[in-house]
Amino acid sequence: RTLSYAIDYQFWQLKPVGYHLTNVLCHVLSTCLVFLLIRTFRQHNILAALTALLFAVHPLHVEAGTWLSGRRDVLSAFFVLLSLFGYIMSRNAERSSPRIIRMLWYVISITACCLGLLSKASAVVLPVLLVLYDSTFGVPSKSTLRARVLHVMRSVGYYVPFAGITAGFLWIFISTSQASGVARPVYHGGSGLTTFFTMVRVFAEYVYQFVVPTNLSLTYGIRIISTPWGSLFLGAALTLIGMA
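Residues numbered from 1 in each chain as written. Predicted model: local features only at pLDDT ≥ 70, side-chain atom pairs only at ≥ 80, totals over all residues. Heavy atoms only, no water.

Trainee: Quick question: what am I supposed to make of the side chain of His151 here?
Mentor: Position of His151 among the secondary structure elements: in helix H8 (residues 145-154). Note on His151: relative accessible area 15%, which makes it buried. Beyond its immediate chain neighbours, meaning those up to four positions away, His151 contacts Arg91, Asp134, Gly138 and Val139. (Helix = DSSP H or I, 4+ residues; strand = E, 2+ residues; numbered from the N terminus. Buried < 20%, exposed > 50% of the residue type's maximum accessible area, 1.4 Å probe, protein only. Contact = heavy atoms within 4.5 Å.)

Trainee: Quick question: what am I supposed to make of the packing of aromatic side chains here?
Mentor: Aromatic ring pairs are defined here through the distance separating the ring centres and the angle between the ring planes. Scanning all chains against the criterion turns up 13 aromatic pairs. A ring pair is formed by Phe41 and Phe137, whose centres lie 4.4 Å apart and whose planes are at 5°; its orientation type is stacked. Of this pair, Phe41 sits in helix H2 (residues 16-42) while Phe137 sits in the loop between helix H7 (126-136) and H8, and the two are 96 residues apart along the sequence. With a relative accessible area of 34%, Phe137 lands in the partly exposed category. When the ring of Phe78 is compared with that of Phe79, the centres are 5.2 Å apart and the planes differ by 55°; the resulting orientation is tilted. For the pair Phe78 and Phe79, one class covers both residues: buried. Among the aromatic residues, those joined into a cluster by ring pairs are Tyr87, Tyr106, Tyr158, Tyr159 and Phe162. (Phe/Tyr/Trp six-rings, centres within 6.5 Å; stacked < 30°, edge-to-face > 60°.)

This is a description of form; function is not addressed.
In structure tokens, the structure reads:
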């Protein structure tokens with residue numbers, strides 16, 4: 001993110017318009033990748049176009065797109081999507097394309113993974129996305145659960161570089177954050193259990209904002225949930241369980 005700001009500064013100095021254009025460009029590129037991904041999943045151009053359109057204009061993305069400090073969000077989103085697309089292309093081309101093409105896509109995927117992690121720590125979910133892809137769209141739609149598990153197990157070698165890079169990044173990120181005082185080794189809610197209850201509510205709030213994007217803000221206050229018996233936690237938990 002800091003490097004992208006430095007490049008912007010060389011062109012625009014302190015004029016905000018240039019920084020906003022970079023954010024918009026990142027979002028446009030991510031939208032294109034969403035289209036390509038959905039078309040790869042379903043082989044349906046109209047579905048892919050509608051999904052990409054929803055991604056492009058959804059009000060939730062205004063927060064990251066117009067907030068210049070949200071550069072980390074649009075950058076990490078682009079690199080995570082690019083990494084996922086590169087991985088899929090390398091796997092789909094496994095038999096039909098020359099080895100050099102497969103390796104090129106795989107290198108692009110790993111490189112994008114590194115850049116995504118350097119943009120924002122939330123890119124650590126990428127290895128999980130790869131497993132989810134292989135267990136769903138990476139096998140025939142009528143495959144049994146056993147077949148899906150076996151396919152994922154046979155693909156472990158593909159995951160190792162991503163998992164290793166992610167683990168190394170997390171170790172460096174946590175170590176430097178704690179050493180510098182940016183991150184304190186304490187739970188946000190006072191305990192691990194309270195933090196868990198609170199985050200269930202937060203994730204459910206994300207779902208609500210996706211469906212009904214109202215009262216949007218750059219930052220949100222977090223109401224601590226200390227018990228599982230309240231309506232806030234139970235409603236959130238039931239929502240997430242229903243989605244799962």
